[in-house]
Amino acid sequence: MFATLSDRLTSTFKNLRTKGRLSEADIDATVREIRRALLDADVAVQVVRAFTSTVRERALSAEVSGALNPAQQVVKIVNEELVAILGGDNRPLTFAKAPPTVILLAGLQGAGKTTLAGKLALHLRGQGHTPLLVAADLQRPNAVTQLKVVGERAGVPVFAPHPGTAGHEGAGVPGDPVAVARDGLATARSRQHDVVIVDTAGRLGVDAELMQQASDIRDAVDPDEILFVIDAMIGQDAVATAQAFADGVGFTGVVLSKLDGDARGGAALSVASVTGRPILFASTGEKLTDFEVFHPDRMASRILD
Ligand code: GDP
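Parameters and conventions
- Residues numbered from 1 in each chain as written.
- Predicted model: local features only at pLDDT ≥ 70, side-chain atom pairs only at ≥ 80, totals over all residues.
- Heavy atoms only, no water.
- UniProt positions renumbered as here; feature names shortened; annotations may be inferred.
- Helix = DSSP H or I, 4+ residues; strand = E, 2+ residues; numbered from the N terminus.
- Buried < 20%, exposed > 50% of the residue type's maximum accessible area, 1.4 Å probe, protein only.
- Polar contact = N/O pair within 3.5 Å; in protein donor to acceptor, adjacent residues only side chain to side chain.
- Contact = heavy atoms within 4.5 Å.
- Expected span 1.5 Å × (residues − 1).
- Pairing = 2+ DSSP bridges.
- Right-handed = clockwise from strand over helix to strand, strands pointing away.
- Near = heavy atom within 4 Å.
- Areas by Shrake-Rupley, 256 points an atom, 1.4 Å probe, with all protein chains shown as cover.
- 1 Å grid on protein atoms, 1.4 Å probe; cavity = no way out; pocket = protein on both sides within 12 Å on 5 of 7 lines; lining within 4 Å.
- Sits in = over half its atoms within 2 Å of the grid points.
- Arc of directions from axis to C-beta.

If you look the protein up in an unreviewed UniProt entry, it shows as Signal recognition particle protein from Cellulomonas fimi. Per UniProt, the protein has the following entry under Subcellular location (unreviewed entry): "Cytoplasm". Listed under Catalytic activity (unreviewed entry) in UniProt, the entry text for the protein is "GTP + H2O = GDP + phosphate + H(+)".

### With respect to the side chain of Asp290
Checked against the element boundaries, Asp290 lands in the loop between β7 (279-283) and β8 (291-293). Under the relative-accessibility criterion, Asp290 is labelled buried at 18%. Here the side chain of Asp290 touches Glu286 through a polar contact of 3.4 Å, landing on its backbone nitrogen. What Asp290 contacts, discounting residues up to four positions off in sequence, is Lys119, Ala282, Ser283, Thr284 and Gly285.

### Overview of helix α8 (residues 208-221)
The terminal C-alpha atoms of α8 lie 20 Å apart, and with 14 residues this matches the ideal 20 Å at 1.5 Å per residue to within 8%. Contacts from the buried residues of α8 go to β1 (101-106), β2 (131-136), α7 (177-190), β4 (195-200) and α9 (237-248). Its side-chain oxygen 3.1 Å from the backbone nitrogen of Glu209, Asp207 forms the N-cap of α8. Following α8 by one or two positions, Asp222 has its phi on the positive side, about 45°.

### Focus: the pairing of β7
Along a regular strand, successive side chains alternate from one face of the sheet to the other. Within β7, five of the five residues are buried, leaving the element largely enclosed by the surrounding structure. Summarising the sheet, strand β6 (residues 253-257) and β7 pair through three bridges and their orientation is parallel. Residue pairing for β7: Leu256 is matched across the bridge by Ala282. Once the chain exits β6 it traverses helix α10 (residues 266-275) before rejoining the sheet at β7, and the crossover so formed is right-handed.

### Examining the environment of Ala106
Positionally, Ala106 belongs in strand β1. Since its relative accessible area comes to 4%, Ala106 is described here as buried. As a C-alpha pair, Ala106 and Arg189 span 83 residues in sequence and 22 Å in three-dimensional space. Setting aside chain neighbours within four positions, we find Ala106 in contact with Lys113, Thr200, Leu227, Phe228, Val229 and Phe245.

### Focus: the site of the ligand
Taken together, 17 residues are adjacent to the ligand, and Gly110, Lys113, Thr114, Thr115 and Glu286 come closest. Note that an oxygen atom of the ligand is positioned 2.7 Å from one of the side-chain N or O atoms of Thr114. Within the side chain of Glu286, an N or O atom sits 2.6 Å from an oxygen atom of the ligand. When the ligand sits alone it has 580 Å² of accessible area, and the protein chains cover 80% of it. Spatially, the ligand is embedded in the largest pocket. Of the residues forming the shell around the ligand, the biggest block, four residues, is contributed by helix α5 (residues 113-126).

### Considerations on the pairing of β4
With six of six residues buried, β4 lies mostly within the body of the structure. Judged by which residues are buried, β4 turns out to be covered on both faces: Val195, Ile197 and Asp199 on one side and Val196, Val198 and Thr200 on the other are all buried.

### A few points about α9
Spanning 12 residues, α9 covers 16 Å between terminal C-alpha atoms, matching the ideal 16 Å at 1.5 Å per step. Three or more residues of α9 are buried, namely Ala238, Val239, Thr241, Ala242 and Phe245. One side of α9 carries all its buried residues, which in axial view fall inside an arc of 165°. Of the residues in α9, the exposed ones pointing more than 90 degrees away from the buried face are Asp237, Ala240 and Asp247. Looking at the buried positions of α9, the neighbouring elements they touch are α3 (45-61), β1, α8, β5 (225-231) and α10. Directly beyond the C-terminal end of α9, a positive phi value near 85° is found at Gly250.

Dropping the structure here:
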């Protein structure tokens, strides 16, 4: 995902390597190149501005240290600031003191929510949890079936509306996702599942109805985590979309999906910083095992490698 950005930054640093000492002009030139590389990678303008100004200040005031040459020093600063915009340390999932822990997934249609639901369920099952998946996406034809398939692959049960009831996709009437979410939670309680993962509907674009539905589900199940799933390939739109979900539904954490894509990756680099919410997980492919706990420091190292 970050191949181009990575190449650009590496060549910027290469130019510094021959310098014994960095003048202010050298630092300014370097910062300009970093700025261009980030903007070309679709990183949000406000993030780029804050990032480059911090890097510049730190580079100018950096002590000349015996251990690091000037180029290494700049790389170190850029690395630390990348880690910072990616959220600092990994933030683990919050579990409820009294189970079940309720995790609500929100995001645009196609962001990768349903796939993520399966990945997260498999991940949690591997840690000894007993998750239940709840199919509260009644908007998209097939979403319930898709979640059932994903649940089967993950070896995790799925709570879905019964055929013939108002919540069921084949009933010919719009279902009530709030009721499904509530019933799913009650089922989890009675069957002693310790985690409930609720998949919600997305739209192709942000709209008021989508936000209202997600908010109604949120109010009905009082989640411990609301994870906003964002397709890292959507580029500049990512920030506006994330902001709309932050304002409309609110979320406690971010999941980046499709990090395996070859897009420019700016979404991935902007969203934590713009929303002030940490990235908890990354989705890196279509298989249920293409999933990782997100570590800002590892991501920064990957970019600067
Ligand atoms: P939803 O509408 O948000 O529930 O999105 P889906 O889970 O249905 O995913 C939309 C499409 O993206 C599907 O074709 C998935 O197989 C695909 N997808 C989901 N996550 C990833 C990922 O991390 N990488 C890639 N390459 N494809 C993904």
